[in-house]
Amino acid sequence: MKKEVKIVLAVVLAVWFFVMGFEIGSYAEKKKFAQANSGVVTPTTQAPTVAPTEAPTTQPTQPDITAPTGSNTTAPTQGNTTDVSSLSKDEIVADVNKYMTQLRSEQNMTAHKTASVYVNVVDCSVPSIIGTINNVISGITDDLSPEETYTFSGGQAVDAGGSTVAPRDVIPPKGKDFSLPAQGVAVATAQKQGDNTVYSITLAAENTTIDNPVPPCHDASLGYLDITTLNLPIKVTRGDMHYPASTIILTVDSNGKVIGLNEKIPMNGDGATTVLGKEGTASFEGALEENWTFTY
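Here we summarise the structure given alongside this text. (Residues numbered from 1 in each chain as written. Predicted model: local features only at pLDDT ≥ 70, side-chain atom pairs only at ≥ 80, totals over all residues. Heavy atoms only, no water.)

1. Section: the packing of aromatic side chains
Throughout the structure, instances matching the rule amount to four aromatic pairs. Plain terms: the ring middles of Y99 and Y199 are 6.0 Å apart, the flat faces sit at 40° to each other, and that makes the pair tilted. Of this pair, Y99 sits in helix α3 (residues 89-103) while Y199 sits in strand β6 (residues 196-203); the two residues are 100 residues apart in sequence, bridging distant segments of the chain. Here the two residues Y99 and Y199 agree in accessibility, since each one is buried. Where W292 meets F294, the ring centres are 5.9 Å apart and the plane angle is 5°; that geometry is what we call stacked. (Phe/Tyr/Trp six-rings, centres within 6.5 Å; stacked < 30°, edge-to-face > 60°. Helix = DSSP H or I, 4+ residues; strand = E, 2+ residues; numbered from the N terminus. Buried < 20%, exposed > 50% of the residue type's maximum accessible area, 1.4 Å probe, protein only.)

Right, here's the structure in full:
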């Protein structure tokens, strides 16, 4: 039984640590997660029968977690008709704040979102089953972030769960005002791409613990893994998170309308839980990316 409890601890920790608490996840995404895990055994019931020796030898392919991918928000090429590359960091941050506030207050537009979640456990209490854990997580995250389209009229749309939402309810940071301080930005650039202007922001690195769970700049601009909101039948004894270089890429057309938004949050962390007097630990790396396109 001791071995089975360790397996359960490792699986539970690996799954909840990245996915269950992610504030960016929508109602529909969380519902899919719950359905996908309806058969997961908890430490208070019979332990799973998967043996460590059966763990797969192949690991999930790791995507690039340092640079945003795909969508009309990819890095622009030169060919400026107006020089915006000389804007200061403060000026770029001010523009991004202005356009993000405007976007999240739009009354009539169609917003289309695609998203991807990546997480890979790199160490845990039972190293021999890391392959099994990553296969479990991959099976959950593959269907965690479906495409979504919101058609806003008078500032309201109906989401996949049937609820009425405003743009600020679905565009990160969900349900909060967008506020990005210049001191929270490591790199800021602006370039022309045809008639459009592309703003690129890289946030300064932030770290959190259970005692200090909120990364201020991520909280006000993107979102983060909120460990304190997890309602689990296990005691969390450690949860350290590192957000090294999250990015926001904003594309604005010649009419001053936001037409593209790419947001990416690479992260890594480690944590520990205690169940029935046994401690399980795990470390992971991962990323969440959202690509938005907007038409008016």
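2. Here's the deal with the pattern of salt bridges
Per the counting criterion, the structure on display carries nine salt bridges. Among the salt bridges present, the one from K174 reaches E290, with a minimum N-O distance of 3.9 Å. With a gap of 116 residues between them, K174 in the loop between α5 (167-170) and β5 (185-193) and E290 in strand β11 (residues 278-295) connect regions that are remote in the sequence. Classification of K174 as partly exposed rests on a relative accessible area of 23%. Residue classification places E290 among the buried residues on the basis of a relative accessible area of 2%. Residues joined by salt bridges that share partners form a network here, namely K113, E148, K174 and E290. (Salt bridge = Lys/Arg side-chain N within 4 Å of Asp/Glu carboxyl O.)

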